[in-house]
Structure formats: C-alpha cells, structure tokens
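Residue-level structure breakdown
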Amino acid sequence: MTAARPLVLVVVGARPNFMKAGPVLGQLRARAAVDTLLLHTGQHYDEQMSALFFRDLGLPQPEVNLGVGSGSHARQTAEVMVRFESYLEGGARRPACVVVVGDVNSTLACALVAAKAEIPLAHVEAGLRSFDRSMPEELNRICTDQLAAACYVTEEAGMENLRREGQAAERRLLVGNTMIDTLLQQRARAAACGAERRRELGVAGRSYAVCTLHRPSNVDAPATLAGVLDALARVAERLPLLLPLHPRTRARIESFGLASRLHAASGLRISGPLGYLDFLGLLSTAALVLTDSGGIQEEATVLKVPCVTLRENTERPVTLQMGGNVLAGADPGRIVAAAERMLALESGAIGTPPLWDGRAAERIAADLERRVAARAPDGRGGAP
Ligand code: UD1
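Note that this is a predicted model, so its numbers are computed, not measured.

All right, on to the packing of aromatic side chains then. Aromatic rings considered in pairs are described by the distance between their centres and by the relative angle of their planes. For the structure on display, the rule yields two aromatic pairs. Geometrically, the ring pair formed by F18 and F53 is tilted, given 6.3 Å between the ring centres and 50° between the ring planes. Linking F18 in helix 1 (residues 15-31) with F53 in helix 2 (residues 47-57), this pair joins segments that are 35 residues apart in sequence. Across the pair, F53 and F18 agree in class, each one buried. Grouped by ring-pair contacts, the aromatic residues F18, F53 and F54 constitute a single cluster.

The next subject is the pairing of strand 2 (residues 35-40). For strand 2, the buried fraction is high: six of the six residues fall into the buried class. Across the two faces of strand 2 the burial is the same, with D35, L37 and L39 and T36, L38 and H40 all buried. Here strand 1 (residues 7-12) runs beside strand 2; their pairing, made up of six bridges, is parallel. Looking at the pairing, V11 lines up with L39 of strand 2. One crossover worth recording links strand 1 to the parallel strand 2 by way of helix 1, and it is right-handed. Between strand 2 and its parallel partner strand 3 (residues 64-65), the chain crosses via helix 2, and the hand of that crossover is right-handed.

To continue, consider the domain arrangement of the protein. Per the domain assignment, the segments of the protein are domain 1 (7-177 + 357-373) and domain 2 (187-343). Computed over C-alpha atoms only, the centres of domain 1 and domain 2 are separated by 27 Å. On the side of domain 2, 17 residues touch domain 1, which itself brings 22 residues to the contact. Of the roughly 1,600 Å² buried between domain 1 and domain 2 on both sides combined, carbon and sulfur atoms contribute 52%. Note that E137 is salt-bridged to R215, the shortest N-O span being 3.0 Å. Where domain 1 packs against domain 2, one counts nine residue pairs in polar contact (both at pLDDT 80 or more). Only helix 1, helix 2 and helix 5 (136-147) provide two or more residues apiece to the side of domain 1 that touches domain 2. No other element matches the seven residues that helix 2 contributes to the side of domain 1 that touches domain 2. Looking at the side of domain 1 that touches domain 2 residue by residue, the classes come out as eight nonpolar, four polar and 10 charged.

In the vicinity of the ligand, 18 residues are found, and the nearest of them are Q43, H44, N105, E137 and H214. Between Q43 and the ligand, the recorded distance is 2.9 Å, taken from a side-chain N or O atom to an oxygen atom. The separation between an oxygen atom of the ligand and a polar side-chain atom of H246 is 3.0 Å. In the complex, 85% of the free accessible area of the ligand, which totals 740 Å², lies under the protein chains. Put simply, the parts of the chain that give the shell around the ligand at least two residues each are helix 1, helix 3 (73-89) and helix 10 (247-255). Considering only residue class, the shell around the ligand consists of five nonpolar, eight polar and five charged. When residues of the shell around the ligand are assigned to domains, at least three map to each of domain 1 (7-177 + 357-373) and domain 2 (187-343).

Every α-helical turn comprises 3.6 residues, leaving residues that sit three or four positions apart pointing alike. In a regular helix each residue adds 1.5 Å, so 12 residues correspond to 16 Å; helix 5 covers 17 Å between its end C-alpha atoms and thus fits that length. Here helix 5 has its buried residues at E137, E138, N140, R141, I142, T144 and D145. Elements that come into contact with the buried residues of helix 5 comprise strand 4 (97-101), helix 4 (105-116), strand 5 (121-126), strand 6 (150-153) and helix 6 (156-164).

Conventions we followed
- Residues numbered from 1 in each chain as written.
- Predicted model: local features only at pLDDT ≥ 70, side-chain atom pairs only at ≥ 80, totals over all residues.
- Heavy atoms only, no water.
- Phe/Tyr/Trp six-rings, centres within 6.5 Å; stacked < 30°, edge-to-face > 60°.
- Helix = DSSP H or I, 4+ residues; strand = E, 2+ residues; numbered from the N terminus.
- Buried < 20%, exposed > 50% of the residue type's maximum accessible area, 1.4 Å probe, protein only.
- Pairing = 2+ DSSP bridges.
- Right-handed = clockwise from strand over helix to strand, strands pointing away.
- Domains from an automatic or database assignment.
- Contact = heavy atoms within 4.5 Å.
- Buried area = accessible area lost by both parts, 1.4 Å probe.
- Salt bridge = Lys/Arg side-chain N within 4 Å of Asp/Glu carboxyl O.
- Polar contact = N/O pair within 3.5 Å; in protein donor to acceptor, adjacent residues only side chain to side chain.
- Nonpolar A, V, L, I, M, F, W, Y, C, P; charged D, E, K, R; others polar.
- Near = heavy atom within 4 Å.
- Areas by Shrake-Rupley, 256 points an atom, 1.4 Å probe, with all protein chains shown as cover.
- Expected span 1.5 Å × (residues − 1).

Pasting the structure below:
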C-alpha cells in the first residue's frame with residue numbers, strides 16, 4: 001500500500017486572492033507530490049467579485065466554501081474563524097499545511113485558526129508593510145506573518161521587514177510575485193478581451209486612463225471621496241477615464257449623493273466591476289492608471305503603464321523604485337499634477353523587479369513540498 005500524500009489546503013476569500021493563489025495551486029497539482037484542497041471563505045461572493053474570476057483564471061471550483069459573506073471587520077473575521085475551525089474539527093482530513101495569500105480578513109482569520117490547531121502555515125505575499133496601522137490590511141499582514149512558518153516574499157523590502165520583526169531566516173524566502181505569474185500566463189487572452197472592450201468603449205490604445213477606487217480611507221468619508229472624484233473628473237477632461245466601480249464605492253457614491261457629479265463629467269466612463277481578463281486587457285494598453293489597490297501598482301509596473309497611487313504610502317516600494325509609480329494621496333491638486341507628470345513618462349523608463357519572471361509559484365511549490373516532506377503527513381511534529 002502506498003503512503004497517503006500530505007494534504008496542502010489553500011485558502012482564498014476575496015477578489016485579490018484569486019490571481020495570487022491560482023499559480024500556487026496549479027503548480028502543486030501539476031507536480032503531484034502533495035494532495036491539495038481549495039477552500040473559499042466566501043468573503044467575496046458576487047458573480048462579478050468571485051465566480052467571474054474563477055472562470056477567467058480557469059481555477060477549479062473550491063472543494064469547500066464557507067459562505068461567510070460581508071460584515072464588520074470583527075464579525076467577518078470571527079465568522080471565518082468559527083467556520084474554518086468547525087470545518088477542520090468536523091472530521092475533515094487534517095492538512096499538513098495551510099496556505100494563505102495576501103492581506104484580506106480571510107487571510108488573517110484562517111491563519112489564526114491554522115496556527116492554533118498547530119497546522120504549519122505558509123503565507124504568500126508576506127513581509128509587505130505600509131507602516132500605516134490605520135489600514136486593516138496592514139494589521140492582517142503583521143499578524144499573519146508572525147504566525148507563519150513559511151513566509152514567501154515578493155520584494156527585497158519585505159525580506160528586510162521580516163528580518164526587523166524577528167522572523168527567523170529559514171522562515172523567509174524571496175520568491176517573486178505569483179500575481180505576476182498569473183499576469184504573464186494570461187496576457188495573450190487578456191489582450192484579446194482588452195481589444196474587444198476598447199472597441200465597445202470607442203477608445204484606442206494608449207489614449208485613455210483607468211482608475212480603481214475602493215479603500216475605506218478614500219471612499220468612506222464624503223469630503224475625501226468628493227475630492228477624489230473631482231480630481232478624476234479633471235483628469236477625464238484630458239483623456240477618457242474608465243472607472244469600474246467596486247460595490248463598496250458605488251454604495252458610498254449613492255449614499256453621499258455624489259452620483260450627479262460623476263454623471264456631469266463627460267470623459268468618465270463608469271461601469272460595474274470588471275473580470276480579470278477585461279481589466280488586465282484594458283490596463284495593459286492604458287496611458288495611465290490611477291488606483292488605491294495594492295496589486296494594480298504591481299501589475300502596472302510589469303506592464304510599464306505609469307501609475308498614480310491614490311494613497312500616502314505603499315507597502316510595495318519596489319514599484320516606486322522601478323520608476324513607474326508615484327504616491328498622490330487623496331488631495332485633488334496633487335492627483336491632477338501627478339497624472340500630468342506620469343502621462344509624460346516614457347514607458348521604457350519603467351523597470352521590472354527582480355524575480356517577477358512568472359516562476360514564483362514554482363519556487364513556492366518546491367519549497368513547500370520540501371517542508372511538508374520533512375513532517376508527518378498529519379502536519380504534526382518537527383520544525384516546518
Ligand atoms: C476587501 C479587502 C481589501 C481588498 C478588497 C478587494 C479586507 C479587510 N479588505 O475589501 O484588502 O483590497 O477586498 O476588493 O479584507 N460586497 C459586495 N459583493 C461582494 C463582496 C463585497 O457587494 O462579493 C460589498 C459589501 O457591501 C461589503 C463591501 O463590499 O460590505 C466590502 O466588502 P469586504 O469584503 O468587507 O471588503 P472590501 O472592501 O471588498
């Protein structure tokens with residue numbers, strides 16, 4: 001009788017997790033040294049925020065969906081914890097390792113449950129720090145990294161942050177960026193989708209800007225949101241600006257009575273959230289992107305599309321160092337000036353960070369297998 005292979009459980013919860021986890025799951029399945037199980041917490045549940053991404057990315061259906069949904073931070077985090085713990089205790093096969101990605105509430109919730117169940121934890125996209133503890137994601141990142149036995153890091157600054165926080169050398173590994181693995185895999189399909197969307201929108205390549213906006217710090221206070229929207233309307237006087245709205249942002253615009261301002265701005269093209277391929281396709285031929293997302297700063301860097309980040313800080317400083325990203329906060333004057341400056345940037349001036357070569361998940365899978373093989377199949381015993 002052959003010994004059972006150890007089980008690696010991969011957690012996803014929210015939109016930005018899917019493209020980061022996909023390549024890791026894909027590599028683990030292709031190499032077949034371990035069994036895998038994909039668990040979705042259900043933090044994001046809408047067709048546009050979740051199912052569409054699974055289709056675009058060709059991800060397998062999750063074997064488990066905890067169906068948690070939305071709620072306050074405490075409620076959402078607690079609900080994921082309760083349901084994940086019940087799942088692990090309900091007779092399911094014990095994983096030898098739990099893999100969490102990114103920095104959303106589901107990441108931290110599952111990290112805590114796994115660590116308390118003494119299941120070794122791996123964190124993909126570890127070590128990033130904005131040094132802004134008013135960001136929920138910063139708290140999620142710090143706590144998750146403290147619990148992780150293996151921290152897979154996208155950029156050099158992340159390695160330094162972990163070292164400073166006392167994370168042992170054997171627990172941190174610079175591997176590159178799995179979200180960029182996905183981008184490079186999907187680039188051709190995205191280009192076809194982008195061409196179709198451009199035709200529908202009547203815009204030509206490099207003649208429009210794209211914007212995403214959803215951070216509580218930008219959208220939850222009426223005066224801040226009004227200022228950012230005014231800045232976007234001014235940028236849209238210069239070139240068409242596509243604004244796919246996150247459900248949270250749409251709800252705030254409506255409840256603050258700001259919708260009429262948006263409709264008055266003729267260059268703004270507003271839509272619902274876009275799928276992965278449509279967005280990547282439109283981003284890759286944009287003249288400029290304005291965003292408060294973390295991942296889009298990285299995607300823009302690799303695509304050599306100048307980026308204006310609508311925040312005062314970034315946990316991804318390599319994007320600033322590569323010359324393609326600037327911080328503009330939420331001040332309308334600063335945003336418009338930064339957009340002007342970045343529109344004049346030569347795209348050849350933007351560099352690509354080390355190891356963002358499409359092979360990060362391969363490095364992670366090889367390291368994970370080595371760690372898991374050093375332990376008993378039930379995950380207990382030995383140092384991970
Ligand atoms: C979450 C992440 C954030 C990430 C973002 C990407 C945390 C703390 N935040 O923020 O880091 O950048 O995802 O989208 O985990 N909603 C829907 N449909 C959905 C999901 C949410 O309509 O499928 C609406 C609900 O009104 C919900 C609100 O969006 O209350 C916020 O969703 P939530 O998951 O709490 O956080 P995000 O703002 O999406």
